[in-house]
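# Geometric and topological summary
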Amino acid sequence: MEEKSNRFPLLPKLINGSIAGLVGVTCVFPIDLVKTRLQNQRDGAVKVYNNMFDCAVKTFRNEGFFGMYRGSGVNLLLITPEKIIKLVGNDFFRHHLTNKQTGKLTFGREVLAGAGAGSCQVVITTPMELLKIQLQDAGRSKATLASDGSSAIATQTRPLTATALTMQLLKEKGIVGLYKGSCATLLRDITFSAIYFPLFAHLNALGKRRNSGDTAVFYVTLGAGIVAGGTSSFLVTPLDVVKTRLQLINHGKGEDRYKGIADCFVKLFKSEGVFAFYKGGFCRVMVVAPLFGIAQVVYYLGIGEKVVSYF
């Protein structure tokens with residue numbers, strides 16, 4: 001009986017992680033699109049959007065409702081394995097790093113568990129983010145190039161698709177082409193997860209418990225996810241900006257190209273100043289905070305456990 005209680009419930013966790021990812025991303029994707037376009041807009045280059053609201057209005061007006069979900073297909077397709085690796089990975093590492101005699105997990109091991117989950121997810125996150133960014137930024141890139149007189153893309157009538165972009169990258173650069181900016185993605189994801197998961201666990205432990213056990217009531221989990229997600233996302237915004245710039249493939253006239261993480265940091269600071277590292281920061285908080293709040297609530301609903309119990 002004791003051996004069974006110490007076994008990690010992998011299958012229910014996988015189901016919970018999948019549902020959590022799909023629900024969370026569907027709710028916040030339009031804000032993520034606005035964030036990407038604002039981050040890729042350079043100072044000194046053609047200014048397409050004035051602020052977050054202006055970007056949202058122009059995108060909706062020019063591209064319609066479905067334009068707000070441009071790139072969501074690939075994101076929804078890959079968000080399932082990404083959220084599985086992040087949420088389940090953290091639980092897996094926490095389970096095995098917990099002292100079996102005392103049942104306690106030190107803060108250092110909590111950070112290590114989060115960092116471990118973040119490092120594992122980069123296998124899925126990098127190609128997902130790369131494809132998503134090109135699709136999300138297509139409207140801004142087209143407007144920028146059109147104003148510069150670059151007809152190659154400005155006159156392009158065929159819409160960019162994830163499949164076409166994937167095939168193009170594979171043909172030109174092989175599988176490595178899908179992992180452009182992987183080091184920057186790894187740096188962002190490890191840092192984010194190392195901050196987020198310990199913070200979420202401590203905040204979630206402070207609230208009211210359900211009558212049936214040690215699980216927090218849904219509004220406590222929601223609040224803990226929102227606060228931890230918002231805090232962590234804001235702290236790693238500079239890393240996210242650098243990652244986004246490095247992963248961009250199509251550049252407009254006057255837009256810098258970067259050789260690596262350090263080169264991007266230096267050029268970004270010199271040309272646009274320190275505030276450039278927080279471009280889209282408010283949007284990012286608005287994306288990640290509710291995303292993780294919603295995802296954690298769904299993850300802890302126990303849907304996976306109920307499904308598995310029927311078999």
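Scroll up to find the structure.
Residues numbered from 1 in each chain as written. Predicted model: local features only at pLDDT ≥ 70, side-chain atom pairs only at ≥ 80, totals over all residues. Heavy atoms only, no water.

## Here we look at the pattern of salt bridges
Inspection of every chain in the model, using the stated rule, returns 18 salt bridges. For the salt bridge of Glu129 with Lys132, the shortest nitrogen-to-oxygen distance reads 3.4 Å. Note that Glu129 and Lys132 are positioned in helix H5 (residues 107–147) at a spacing of 3 residues, about one turn of the helix. Take Glu129 and Lys132: they sit in the same class, and that class is buried. Among the ionic contacts, a cluster of salt bridges with common partners joins Asp32, Lys35, Glu129, Lys132, Arg188, Asp189, Asp240, Lys243 and Arg284. (Salt bridge = Lys/Arg side-chain N within 4 Å of Asp/Glu carboxyl O. Helix = DSSP H or I, 4+ residues; strand = E, 2+ residues; numbered from the N terminus. Buried < 20%, exposed > 50% of the residue type's maximum accessible area, 1.4 Å probe, protein only.)

## Quick word on the packing of helix H4 (residues 72–97) against helix H12 (residues 281–299)
Put simply, H4 and H12 touch, their axes get as near as 12 Å, and they point 65° apart. The element H4 and its partner H12 pack so that their crossing is right-handed. Counted together, Lys83, Lys86, Leu87, Val88 and Asp91 of H4 and Leu291, Phe292, Gln296 and Tyr299 of H12 form the full contact between these two elements. Of the residues in the contact of H4 with H12, the class split is 5 nonpolar, 1 polar and 3 charged. (Axes fitted to C-alpha atoms, helices over the stretch in contact; angles between N-to-C directions. Left-handed = near helix turned anticlockwise from the far one by under 90°. Contact = heavy atoms within 4.5 Å. Nonpolar A, V, L, I, M, F, W, Y, C, P; charged D, E, K, R; others polar.)

## What to know about the side chain of Ser193
Looking at where Ser193 falls in the secondary structure, it is placed in helix H8 (residues 182–206). Beyond its immediate chain neighbours, meaning those up to four positions away, Ser193 contacts Lys86, Gly114, Ala115, Gly118, Gln121 and Pro198.

## With respect to the environment of Thr215
Tracing the chain through its elements places Thr215 in the loop between H8 and helix H9 (218–235). As for Thr215 and Ala205, which are separated by 10 residues in sequence, their C-alpha atoms are 8.6 Å apart. Excluding residues within four positions of it along the chain, Thr215 makes contact with Arg209 and Arg210.

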